[in-house]
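A structural walkthrough
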Amino acid sequence: QVQLVESGGGLVQAGGSPRLSCVASRTILSIMNMGWYRQAPGKQRELVAGVTPGGSTDYADHVKGRFTISRDNDKNTVYLEMNSLRSEDTALYYCHAQAPWNKDLQYWGQGTQVNVSS
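A short tour of the structure in this document, coming up. (Residues numbered from 1 in each chain as written. Predicted model: local features only at pLDDT ≥ 70, side-chain atom pairs only at ≥ 80, totals over all residues. Heavy atoms only, no water.)

Considering the packing of aromatic side chains
Aromatic ring pairs are described here by two measures, namely the spacing of the ring centres and the angle between the planes. Threshold: Stacked, tilted and edge-to-face are the three classes assigned to paired rings of Phe, Tyr and Trp, where Trp is represented by its six-membered ring and a pair needs centres within 6.5 Å; plane angles under 30 degrees give stacked, over 60 edge-to-face, the rest tilted. Counting as a charge over the ring demands two things of the Lys NZ or Arg CZ atom: a distance within 6 Å of the ring centre and an angle within 35 degrees of the ring normal.
In the structure shown here, the tally under the stated rule is two aromatic pairs. Counting every residue linked through ring pairs, the aromatic cluster contains Tyr37, Tyr94 and Trp108. One cation-aromatic arrangement involves Arg45 over Tyr94; the distance from NZ or CZ to the ring centre is 3.8 Å. In this structure, Arg45 is placed above the aromatic ring of Trp108, and the distance from its NZ or CZ to the ring centre is 4.7 Å.

Next comes the structure, spelled out in structure tokens:
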């Protein structure tokens, strides 16, 4: 079993640049596809950024150029750097891990709330 623990959320001013962190309890995450999802009130949960074990990244169109996902395998940690935050970025952000060989082998964090004020 793997636990994912997010941190870094909170109340942020519009235009701010917080960094979210996701720490895994096991080193197995170095071979997992990692992603950040978010869910705003009244909206579906959406993938905002993902990174593969090989380092390939993918972003939702509305965060390209503003958000950066990265991983530090030595620290079992995945980061989401968020720049130029907008009110529309307000959401509960979740860390997610999934085995490339089995989509049913996956883990979710509890989520960290990001509130953007203007």
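There's plenty left to go through after this.
So, the environment of Arg26
Let me state the cut-off plainly: Numbering goes from the N terminus for both helices and strands, where a helix is a DSSP run of H or I of at least four residues and a strand is a run of E of at least two. Throughout, exposure labels follow a simple rule: accessible area from a 1.4 Å probe, protein chains only, divided by the maximum for the residue type, with under 20% read as buried, over 50% as exposed, and the rest as partly exposed. The contact criterion used throughout is that any non-hydrogen atoms of two residues lie within 4.5 Å.
Among the structural elements, Arg26 can be located in the loop between β3 (19-24) and β4 (33-39). Residue class for Arg26 comes out partly exposed when judged on its relative accessible area of 48%. Sequence-distant contacts of Arg26, defined by excluding residues within four places in its chain, comprise Gln1, Val2 and Asn76.

What about the layout of surface pockets?
Condition: Within this scheme a cavity is a closed region of a 1 Å grid, computed over the protein atoms alone, that accommodates a 1.4 Å probe without allowing it to escape, whereas a pocket is open but has protein on both sides within 12 Å along at least five of seven lines; lining residues each have an atom within 4 Å of a point. Grid points are joined across faces, edges and corners, and a volume is the space filled by probe spheres set on the points. The residue classification treats Ala, Val, Leu, Ile, Met, Phe, Trp, Tyr, Cys and Pro as nonpolar and Asp, Glu, Lys and Arg as charged. All others, Gly included, are polar.
Taken as a whole, the largest pocket spans an internal volume of roughly 170 Å³. Of all the secondary structure elements, the ones that give two or more residues to the lining of the largest pocket are β4, β5 (46-51), β6 (57-59) and β9 (91-99). Among the elements that line the lining of the largest pocket, the one with the most residues is β4, at four residues. Its residues assigned to classes, the lining of the largest pocket shows four nonpolar, eight polar and one charged.

With respect to the state of the cysteines
We count it as follows: By definition, disulfides here are pairs of cysteine sulfur atoms that lie within 2.5 Å.
Under the definition given, this model contains one disulfide. With its sulfur 2.0 Å from that of its partner, Cys22 forms a disulfide with Cys95. Judged by the sign of its S-S torsion, about -80°, the bond between Cys22 and Cys95 is left-handed. Remark: Cys95 occurs in strand β9 and Cys22 occurs in strand β3; sequence separation between them is 73 residues.

Here we look at the sheet that holds strand β1 (residues 4-7)
What counts here: Here the rule is simple: two strands pair whenever DSSP picks up at least two bridges between them. For helices, the axis comes from a line fit to the C-alpha atoms of the stretch in contact; other axes are also lines fit to C-alpha atoms, and the angle between any two N-to-C directions lies between 0 and 180 degrees.
The antiparallel open sheet is built from four strands, whose spatial order is β1-β3-β8-β7. The outermost strands of the open sheet, each flanked by one partner alone, are β1 and β7 (67-72). The average undirected angle you get between the axes of adjacent strands in this sheet is 15°.

Some details on the pairing of β4
Counting buried residues along β4, five of its seven residues qualify, which places the element largely inside the surrounding structure. Here seven bridges tie β4 to β9, and the two strands are oriented antiparallel to one another. Bridged to Arg38 within β9 is Tyr93. Where β4 lies against β5, five bridges are found, and the strand directions are antiparallel.

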